[in-house]
Amino acid sequence: MFEELGLLGNLLILIVALFALNQTSNLTIKHSVKIAGATGLGKATVGFVLVAFSTSLPELFVAIFAIIEPENVGISIGNVLGSNIANIGLVLGIIFVLIAVKYSNNTKFLPAMVKEETRELHFALLVASVIPLGLLYIGSASQLIGISLLLIFSYNIYRISKTRTTIPGPPLEGEKNKLKKYILMAVLGSAGVVASSYFIVETGSYLATSVGVPKVIIGATIVAIGTSLPELVTSIDAIKKGHADLALGNIVGSCFMNITLILGVTLVAAPFSVEIAIFTNLIIFSLVANVFLSYFLSNEKIGWQEGAVLLFIYSMFLLTSINTA
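Calculation criteria
- Residues numbered from 1 in each chain as written.
- Predicted model: local features only at pLDDT ≥ 70, side-chain atom pairs only at ≥ 80, totals over all residues.
- Heavy atoms only, no water.
- Helix = DSSP H or I, 4+ residues; strand = E, 2+ residues; numbered from the N terminus.
- Expected span 1.5 Å × (residues − 1).
- Bend = angle between axes of the 7 residues up to and from the residue.
- Buried < 20%, exposed > 50% of the residue type's maximum accessible area, 1.4 Å probe, protein only.
- Patch = residues over 30% accessible without salt bridge, like charges linked within 9 Å, V, L, I, M, F, W, Y side chains within 5 Å.
- Areas by Shrake-Rupley, 256 points an atom, 1.4 Å probe, with all protein chains shown as cover.
- Salt bridge = Lys/Arg side-chain N within 4 Å of Asp/Glu carboxyl O.
- Contact = heavy atoms within 4.5 Å.
- Axes fitted to C-alpha atoms, helices over the stretch in contact; angles between N-to-C directions.
- Parallel < 35°, antiparallel > 145°, perpendicular 65-115°, else oblique.
- Left-handed = near helix turned anticlockwise from the far one by under 90°.
- Nonpolar A, V, L, I, M, F, W, Y, C, P; charged D, E, K, R; others polar.

A.B. asks: Would you mind showing me how to read helix 11 (residues 244-269) here?
C.D. replies: Counted at 1.5 Å a residue, the expected span for helix 11 with its 26 residues is 38 Å, and the 36 Å between its end C-alpha atoms agrees. The sharpest bend along helix 11 measures roughly 40° and falls at Asn-258. Within helix 11, 24 of the 26 residues are buried, leaving the element largely enclosed by the surrounding structure.

A.B. asks: Looking at this model, I keep getting lost on the environment of Leu-98. Mind explaining?
C.D. replies: Topologically, Leu-98 is positioned in helix 4 (residues 73-102). Given a relative accessible area of 30%, Leu-98 falls into the partly exposed group. A sequence separation of 205 residues divides Leu-98 from Gly-303, and the C-alpha atoms of the two residues are 8.5 Å apart.

A.B. asks: How should a nonpolar patch on the surface be read in this particular structure?
C.D. replies: Together, Leu-8, Leu-11, Leu-12 and Ile-15 make up an exposed nonpolar region whose accessible area comes to about 400 Å². Counting through the fold element by element, Leu-8 comes out in helix 1 (residues 6-39). For Leu-8, a relative accessible area of 61% gives the class exposed.

A.B. asks: Mind showing me how you'd approach the side chain of Asn-156 here?
C.D. replies: Considering the arrangement of structural elements, one finds Asn-156 in helix 6 (residues 143-161). When sequence neighbours within four positions are dropped, the list of residues in contact with Asn-156 reads Phe-48, Glu-120, Phe-123 and Phe-256.

A.B. asks: Looking at this structure, I do not really get the packing of helix 1 against helix 8 (residues 179-210). What am I missing?
C.D. replies: Think of two packed helices as two axes; the pair is described by the angle between the axes and how far apart they sit. Here helix 1 crosses helix 8 at 155°, and the two axes come no closer than 6 Å. It follows that helix 1 is roughly antiparallel to helix 8 by the angle criterion. Helix 1 and helix 8 meet at a crossing whose hand is left-handed. Of the residues that constitute the contact of helix 1 with helix 8, the class distribution is 21 nonpolar, 15 polar and one charged.

A.B. asks: Explain the environment of Leu-267 here, please?
C.D. replies: Counting through the fold element by element, Leu-267 comes out in helix 11. Taking the relative accessible area as the measure of exposure, Leu-267 reaches 1% and is therefore buried. Along the chain, Leu-267 and Ile-147 lie 120 residues apart, while their C-alpha atoms are 8.0 Å from each other. Filtering out sequence-adjacent residues up to four positions away, Leu-267 remains in contact with Ile-77, Ala-141, Ser-142, Gln-143, Ile-145, Gly-146, Leu-149 and Val-274.

The values reported here are purely geometric and, on their own, carry no functional implication.
This is the structure in structure tokens:
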């Protein structure tokens with residue numbers, strides 16, 4: 001996209017995009033925490049709904065492009081499943097290691113989260129695991145399945161919106177009056193993260209190609225990681241600021257929205273049934289990653305060992321994808 005700017009121009013854009021990424025991520029986390037305080041919802045819930053939706057914009061735009069050009073439906077489905085593997089294997093793998101470093105004397109931070117939030121994370125992981133496996137069993141996906149996924153998404157969001165028994169203490173009235181501003185700023189910050197990530201991937205890919213890096217390596221690293229860069233950056237920023245629950249809610253919520261909202265939109269828009277068998281590798285790795293994460297959450301223990309397991313799963317997925325390409 002930026003070939004005409006040359007090496008120096010792309011390098012300058014990359015530097016600016018990295019700076020913008022840092023600033024917009026800070027904006028997102030700052031106002032997401034304020035939303036949690038103003039609404040009485042837990043930070044994991046805010047991450048699950050608001051931040052997850054905003055950082056899932058790249059996948060949503062891919063789905064929209066699939067509506068415009070139906071031949072890209074397969075790309076959208078592959079992107080959804082691949083993004084879930086990257087979110088859990090890569091992003092949460094890194095996040096768990098960071099949590100272990102930051103909370104070296106207390107890796108059991110999950111009990112600090114309320115039961116409603118923990119249940120919500122388990123439900124989202126169950127949905128993200130069962131639906132792809134069910135589609136693989138059926139063998140194809142149609143518009144009716146797409147509508148069903150959208151109904152699951154709508155019902156769950158409605159149910160969450162009615163839940164207020166989360167964090168102790170009533171929300172401050174003054175903060176409630178600023179809620180619209182906080183939501184707007186958080187969404188703008190997330191949009192900035194997505195836009196910055198796009199420029200980083202584009203310029204990074206160009207610079208890597210210019211110095212002779214093979215395209216298959218670029219696809220498996222810069223581009224693959226780039227689709228989950230918004231989740232990665234916002235989650236790392238949340239960990240640095242002491243909001244591990246917000247980071248966890250962001251990642252799991254993003255996976256849930258990918259499988260319900262974005263996959264649902266893609267299937268509803270597709271003028272034909274989609275053969276699911278070609279996504280077997282993606283579905284299997286997605287299921288494995290979800291099962292391990294659910295097990296870790298059940299044990300209420302997060303450390304570098306758990307992070308290493310998730311990173312190993314993601315590395316095996318990359319190796320398998322490259323070998324079968």
